[in-house]
Amino acid sequence: MSTNTPENRSNRKLLIGGLLVVLISINGILIYMNYQKKEKTEEQAEIIKVKDSELENQIKVYEALKADFERQSQELSAMGLENDSLEAQISSISADLDELRGFRKRSYSLADQRRFRDRASAFEKQLQEKDNEISRLKQDNEVLFTENTDLKTTQTRMSDSLTTMRSTNQELNQQVRIASRLEAKGLNVNIINQRGKEKEDNDNEFRAKQVDKLRIDFTLARNEVAKKEPKTVYMRMIEPDGAALYNLSTGSGMFQIDGEEMYYTAKRDFVFDNSQQALSFTYDKNAEYKKGQHTVELYAEGFLIGKTTFILK
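Everything numeric here is computed off the predicted structure, so don't read it as measured data.

A. How the structure looks around the packing of aromatic side chains. Overall, the coordinates contain 11 aromatic pairs when judged by the stated rule. Ring centres of tyrosine 62 and phenylalanine 123 lie 6.3 Å apart, and the angle between their planes is 85°; this geometry places the pair in the edge-to-face category. Of this pair, tyrosine 62 sits in helix α1 (residues 6-78) while phenylalanine 123 sits in helix α3 (residues 110-179), and the two are 61 residues apart along the sequence. No difference in accessibility class separates tyrosine 62 from phenylalanine 123, as the two residues are buried. Taken together through their ring pairs, the aromatic side chains of Tyr62, Phe69, Phe103, Tyr108, Phe116 and Phe123 make up a single cluster. A cation over a ring is seen here: arginine 106 above phenylalanine 103, with NZ or CZ 4.3 Å from the ring centre.

Below you can see the structure in the form of structure tokens.
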């Protein structure tokens with residue numbers, strides 16, 4: 001009995017049609033699932049891309065912050081100032097940078113992103129406050145520099161003025177010193193013989209054998225500038241050979257004229273009273289006098305105040 005009946009053929013068609021529907025459905029489901037998987041993969045890739053971009057941006061922010069804080073540290077150092085808090089902030093930012101760079105090899109969560117954004121905001125606020133402080137310090141330094149420059153200029157001017165005043169005072173003192181110089185007038189030399197008699201000669205010429213002592217007389221001229229005070233007159237008696245008579249036992253010694261040491265034969269202390277007072281030296285050589293021209297020089301307060309000559313034959 002044949003099985004290829006119309007009924008059987010109809011059933012086969014229905015079965016084949018059902019199988020086709022199932023296969024089409026399964027294929028559709030697979031296509032949909034593949035689409036969903038691809039979309040999810042792309043979404044995850046996009047999320048990773050966004051996270052990587054956020055991470056790199058955050059790293060750049062921290063690098064910029066570190067550079068700015070280092071700049072502030074250098075500016076303070078240039079002003080001769082130190083700030084330990086800046087060094088601490090630089091160290092903290094460096095530690096954050098190391099941690100951020102470590103996220104390149106591990107998950108960078110949303111919580112991490114918020115944490116580092118908040119820290120960056122706090123650092124930026126501190127940076128701005130420090131910039132404002134440095135700006136004020138620079139302005140203060142400029143004011144101080146200007147004041148210091150003005151002060152140095154004033155000091156220089158004062159120093160120049162003092163130098164000028166000292167120079168003027170020195171010139172005035174020198175002028176006063178010269179004006180107050182004493183003057184010996186009427187300088188005269190007489191001899192005293194062995195009998196104690198004094199002999200005068202207008203030509204100042206005497207016999208050497210007759211001389212026992214020498215008497216030098218003079219009068220001090222009036223001088224309104226010279227101070228009335230104790231003073232000293234030094235007498236130098238220069239023999240024909242050019243050497244000054246010098247004998248410690250008769251009161252000789254040394255004094256200075258223009259910074260040079262000179263021998264004096266005798267000296268006389270007196271009190272100047274501007275009364276044209278008369279003074280004299282009596283000198284005993286205690287030895288025979290040399291023949292020839294002798295010179296008598298009188299000095300007081302560093303000046304030559306009188307000079308004369310006499311001859312012993």
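B. Region of the structure containing the nonpolar core. Judged by nonpolar contacts, the single largest core of 31 residues is most densely connected at Leu214, Ile216, Phe218, Met235, Met237, Leu298 and Ile305. In this structure, Tyr62, Phe69, Tyr108 and Ile134 belong to the second largest nonpolar core, which totals 18 residues.

C. Broad picture of the side chain of lysine 130. Its location among the elements puts lysine 130 in helix α3. A relative accessible area of 11% means that lysine 130 is categorised as buried. Polar contacts involving the side chain of lysine 130 include one to the side chain of glutamate 133, which spans 3.2 Å. What lysine 130 contacts, discounting residues up to four positions off in sequence, is Gln72, Asn83, Ser85 and Leu86.

D. Structural context of the pattern of salt bridges. Counting across every chain of the model gives 21 salt bridges. Note that lysine 285 is salt-bridged to glutamate 239, the shortest N-O span being 2.8 Å. Taken together, the residues lysine 285 in the loop between β9 (278-283) and β10 (292-300) and glutamate 239 in the loop between β5 (230-238) and β6 (253-257) connect sequence positions 46 residues apart. Judged by relative accessible area, which is 14%, lysine 285 ranks as buried. Residue glutamate 239 is classed as buried on the basis of its relative accessible area, which comes to 8%. Lysine 290 is the partner of glutamate 239 in a salt bridge, and the nearest nitrogen-oxygen pair spans 3.7 Å. Taken together, the positions of glutamate 239 in the loop between β5 and β6 and lysine 290 in the loop between β9 and β10 put the pair 51 residues apart, joining distant regions of the chain. Where salt bridges share partners, they join Asp68, Arg71, Glu75, Asp131 and Lys138 into one cluster.

E. Here's a closer look at a positive patch on the surface. Taken together, the side chains of Lys199, Arg207, Lys209 and Lys291 make up a positively charged region of the molecular surface. As for its position among the elements, arginine 207 is in the loop between β3 (205-206) and β4 (213-220).

F. Geometry of a negative patch on the surface. Taken together, the side chains of Glu70, Glu82, Asp84 and Glu87 present a region of like negative charge at the surface. Position of glutamate 70 among the secondary structure elements: in helix α1.

Cut-offs and rules
Residues numbered from 1 in each chain as written. Predicted model: local features only at pLDDT ≥ 70, side-chain atom pairs only at ≥ 80, totals over all residues. Heavy atoms only, no water. Phe/Tyr/Trp six-rings, centres within 6.5 Å; stacked < 30°, edge-to-face > 60°. Helix = DSSP H or I, 4+ residues; strand = E, 2+ residues; numbered from the N terminus. Buried < 20%, exposed > 50% of the residue type's maximum accessible area, 1.4 Å probe, protein only. Lys NZ or Arg CZ within 6 Å of the ring centre and 35° of its normal. Core = buried A, V, L, I, M, F, W, Y, C linked by side-chain atoms within 4.5 Å. Polar contact = N/O pair within 3.5 Å; in protein donor to acceptor, adjacent residues only side chain to side chain. Contact = heavy atoms within 4.5 Å. Salt bridge = Lys/Arg side-chain N within 4 Å of Asp/Glu carboxyl O. Patch = residues over 30% accessible without salt bridge, like charges linked within 9 Å, V, L, I, M, F, W, Y side chains within 5 Å. Areas by Shrake-Rupley, 256 points an atom, 1.4 Å probe, with all protein chains shown as cover. Lys, Arg positive; Asp, Glu negative; His and termini not counted. Charge placed at Lys NZ, Arg CZ, Asp CG, Glu CD.

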